[in-house]
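Next come the chains, spelled out residue by residue.
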Amino acid sequence: MFNLKTDLRELNEGLDGFAQHMNKYVIRGGAQAMAQLFYDEARVNAPVAEKGHWFYGTHKKYYFPAGTLKASIYQVYSKSKSRDAYAVYDISWNHKKCPYGFMVEYGTSRANAHPFMRPAWVNMNGHVVEAARERMAKILREKEGERL
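Scope of this entry: the structure provided in the associated data block. Remember, predicted model here, so these are calculated numbers, not experimental data.

Each value, and the rule that gives it
Residues numbered from 1 in each chain as written. Predicted model: local features only at pLDDT ≥ 70, side-chain atom pairs only at ≥ 80, totals over all residues. Heavy atoms only, no water. Helix = DSSP H or I, 4+ residues; strand = E, 2+ residues; numbered from the N terminus. Buried < 20%, exposed > 50% of the residue type's maximum accessible area, 1.4 Å probe, protein only. Contact = heavy atoms within 4.5 Å. Salt bridge = Lys/Arg side-chain N within 4 Å of Asp/Glu carboxyl O.

### A look at the environment of Ala 131
Part 1 of the reasoning: Examined against the element boundaries, Ala 131 turns out to sit in helix 5 (residues 127–147).
Part 2 of the reasoning: What makes Ala 131 buried here is its relative accessible area of 16%.
Part 3 of the reasoning: As a C-alpha pair, Ala 131 and Gln 36 span 95 residues in sequence and 9.4 Å in three-dimensional space.
Part 4 of the reasoning: When near neighbours in sequence (up to four residues on either side) are disregarded, Ala 131 contacts Ala 33 and Leu 37.

Right, here's the structure in full:
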């Protein structure tokens, strides 16, 4: 008969560190690769007028140079929406820089829609998953090389 006692605290700490590493670098890197594809596609789809235009607000009118909508599209990591093994990036247009973005995307009673965000999502198909896999594999290879 054998009696074996083992202290697994060090192993648990190592696994916790590995999980944190995976969340911080690998999961977030994969999510960013997916977000980048969507962001790039939305910017490609965003209509750009040949010249600037006036936007009529409730109390005054505002001038916007050509390309304002495209330049206002952003992507940002969302700390509040992300959790362990779950990374979220917000991609949209800046409503303060371009308050008419919603009207372009969905149209109005007087103007047809020129969607740029919804087609970006549709056009990505399965490319986002492949991009995420490639980025995560690259990060894992790089991190493995750092340990050697």
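### Comments concerning the side chain of Thr 68
Part 1 of the reasoning: Take Thr 68: it is sitting in helix 2 (residues 68–72).
Part 2 of the reasoning: Here Thr 68 falls in the buried class, since its relative accessible area comes to 14%.
Part 3 of the reasoning: Here Thr 68 is in contact with Lys 97, Cys 98 and Tyr 100, once residues within four sequence places are set aside.

### Comments concerning the pattern of salt bridges
Part 1 of the reasoning: Throughout the structure, instances matching the rule amount to three salt bridges.
Part 2 of the reasoning: Lys 81 is the salt-bridge partner of Asp 90, the closest N and O atoms lying 2.9 Å from each other.
Part 3 of the reasoning: On the basis of relative accessibility, which here comes to 23%, the residue Asp 90 falls in the partly exposed class.
Part 4 of the reasoning: Between Glu 105 and Arg 118 there is a salt bridge, with the nearest N and O atoms lying 2.7 Å from each other. Placement of the pair is Glu 105 in helix 3 (residues 101–106) and Arg 118 in helix 4 (residues 117–124), with a sequence separation of 13 residues.
Part 5 of the reasoning: A relative accessible area of 1% means that Glu 105 is categorised as buried.

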